[in-house]
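# Survey of secondary and tertiary structure
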Amino acid sequence: AFFLGILLAIFIGVGVAAFYQSPTPPKYPDYSLTGQNGPTEKQQPEQKAFDKSMEEFTKTKMNPYNRNVSIIALAAAVIFVAIGLLLEHRIGVLADGALLGGVFTLLYSMGRGFAAEDSKYSFLVVSIGLAIVLILGYLRFIRADRAKT
C-alpha cells in the first residue's frame, strides 16, 4: 500500500512534467572564458540584465506555472482520496494505497503551492489539505471504530 501511494504521487509528478512542460528560464551568461567564477567588472551590466530577466521570468512564468501544477496535483489528490474511500470495503490494500497516494500527492501540491509565492493561494491549498486529512481521518478511523462497537 505504501509503495502504491508513492507510485501514484510520482505518476502525477512525472505526468505533469511530461504533458505540461515548465517554461524555459533565461540563459545564464557564460563567464568561463574569463577564468573567473563570476562576471568581471566589464560584465556587471550583463549580469544585472540577467538578474532582472530572471526575476521577471519567476514572476510572470514560473510562479503561475507552479500554481497551475499545484491545482492539477490537488485535483489528483482529491480523486485518489475519493477512490480510496470508495474501495475501502472492497479491496483494502488498493484502498490504502490510493489514500496514501492522495496524501503524498497533496504534499506535492502544497510544495508547488508554496513555490508559487502567493500566500493567499498557499493558505487555500493548506486549508484544502487540512480539510481532506480531517475528513479522511474521520471516515477512515473514527467512523470505522463506531461501526465496530
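Further up the page is the structure itself.
Summarised in this report is the structure supplied together with it. Just so you know, the residues in each chain are numbered from 1, in the order the chain's sequence is written. Reporting in this predicted model follows two pLDDT cut-offs: at least 70 for local features of residues, and 80 or more for side-chain atom pairs to be given and counted; totals over whole chains, interfaces and linings ignore these cut-offs and use all residues. Where side-chain values are given, they derive from all heavy atoms of the structure, hydrogens and water being excluded.

## So, the pattern of salt bridges
Selection rule: Just to be clear on terms, a salt bridge is a Lys or Arg side-chain nitrogen sitting within 4 Å of an Asp or Glu carboxyl oxygen. By definition, any uninterrupted DSSP run of H or I lasting at least four residues is a helix, any uninterrupted run of E lasting at least two residues is a strand, and each is numbered from the N terminus. Relative accessible area decides the class of each residue, using a 1.4 Å probe on protein chains only: under 20% of the type maximum gives buried, over 50% gives exposed, and in between gives partly exposed.
Overall, the coordinates contain 1 salt bridge when judged by the stated rule. Notably, a salt bridge pairs Glu-55 with Lys-59, separated by 3.6 Å at the nearest N-O pair. Taken together, the residues Glu-55 and Lys-59, both in helix α2 (residues 44-86) and 4 residues apart, mark about one turn of the helix. A residue is classified by how much of its surface remains accessible, and Lys-59, at 54% relative accessible area, is exposed.

## Things to note about α2
The condition that has to hold: The span you would expect from a helix comes to 1.5 Å times its residue count less one. To get the bend at a given residue, fit one axis to the seven residues ending there, fit another to the seven starting there, and take the angle between those axes.
With 43 residues, α2 should cover 63 Å at 1.5 Å per step; its first-to-last C-alpha distance of 60 Å lies within 8% of that length. Roughly 40° is the biggest bend found in α2, and it falls at Thr-58.

## With respect to the packing of α2 against helix α3 (residues 92-115)
Think of two packed helices as two axes; the pair is described by the angle between the axes and how far apart they sit. Using the following cut-off: Working convention: axes come from line fits to C-alpha atoms, limited for helices to the stretch in contact. Angles between N-to-C directions cover 0 to 180 degrees. For classification, angles of less than 35 degrees are called roughly parallel, those exceeding 145 degrees roughly antiparallel, those between 65 and 115 degrees roughly perpendicular, and all remaining angles oblique. Working rule for handedness: look at the near helix, and if it is turned counterclockwise from the far one by less than a right angle, call the crossing left-handed; if clockwise, right-handed. Only Asp, Glu, Lys and Arg are considered charged, only Ala, Val, Leu, Ile, Met, Phe, Trp, Tyr, Cys and Pro nonpolar, and every remaining residue, Gly among them, polar.
The geometry of α2 relative to α3 is characterised by a closest axis approach of 7 Å and an angle of 165° between their N-to-C directions. Judged by the angle between their axes, α2 and α3 are roughly antiparallel. The chirality of how α2 crosses α3 is left-handed. The residue makeup of the contact of α2 with α3, split by class, is 16 nonpolar, 9 polar and 1 charged.

## A word on the side chain of Thr-105
The test is simple: Note on contacts: a residue pair qualifies if any of its non-hydrogen atoms lie within 4.5 Å across the two residues.
Relative to the helices and strands, Thr-105 is located in helix α3. In this structure, Thr-105 is in contact with Leu-8, Ala-9, Ile-12, Ala-73, Ala-76, Ala-77 and Phe-80, ignoring residues within four places of it in sequence.

## Observations regarding the environment of Phe-3
Relative to the assigned elements, Phe-3 resides in helix α1 (residues 2-19). Put simply, Phe-3 and Val-133 are 130 residues apart on the chain and 20 Å apart in space, counted from C-alpha to C-alpha.

## Here's the deal with the packing of aromatic side chains
Formally: A pair of Phe, Tyr and Trp rings is counted when the ring centres sit within 6.5 Å of each other, with Trp represented by its six-membered ring. The angle between the planes then sorts it: under 30 degrees is stacked, over 60 is edge-to-face, the rest tilted.
Scanning all chains against the criterion turns up 3 aromatic pairs. Centroid distance Tyr-20 to Tyr-65: 4.9 Å. Interplanar angle 35°. Geometry classified as tilted. Linking Tyr-20 in the loop between α1 and α2 with Tyr-65 in helix α2, this pair joins segments that are 45 residues apart in sequence. On the basis of an interplanar angle of 85° and a centroid distance of 5.0 Å, the ring pair of Tyr-28 and Phe-50 is categorised as edge-to-face. Residue Tyr-28 is found in the loop between α1 and α2, and its partner Phe-50 is found in helix α2; the two are separated by 22 residues along the sequence. Taking the relative accessible area as the measure of exposure, Phe-50 reaches 12% and is therefore buried.

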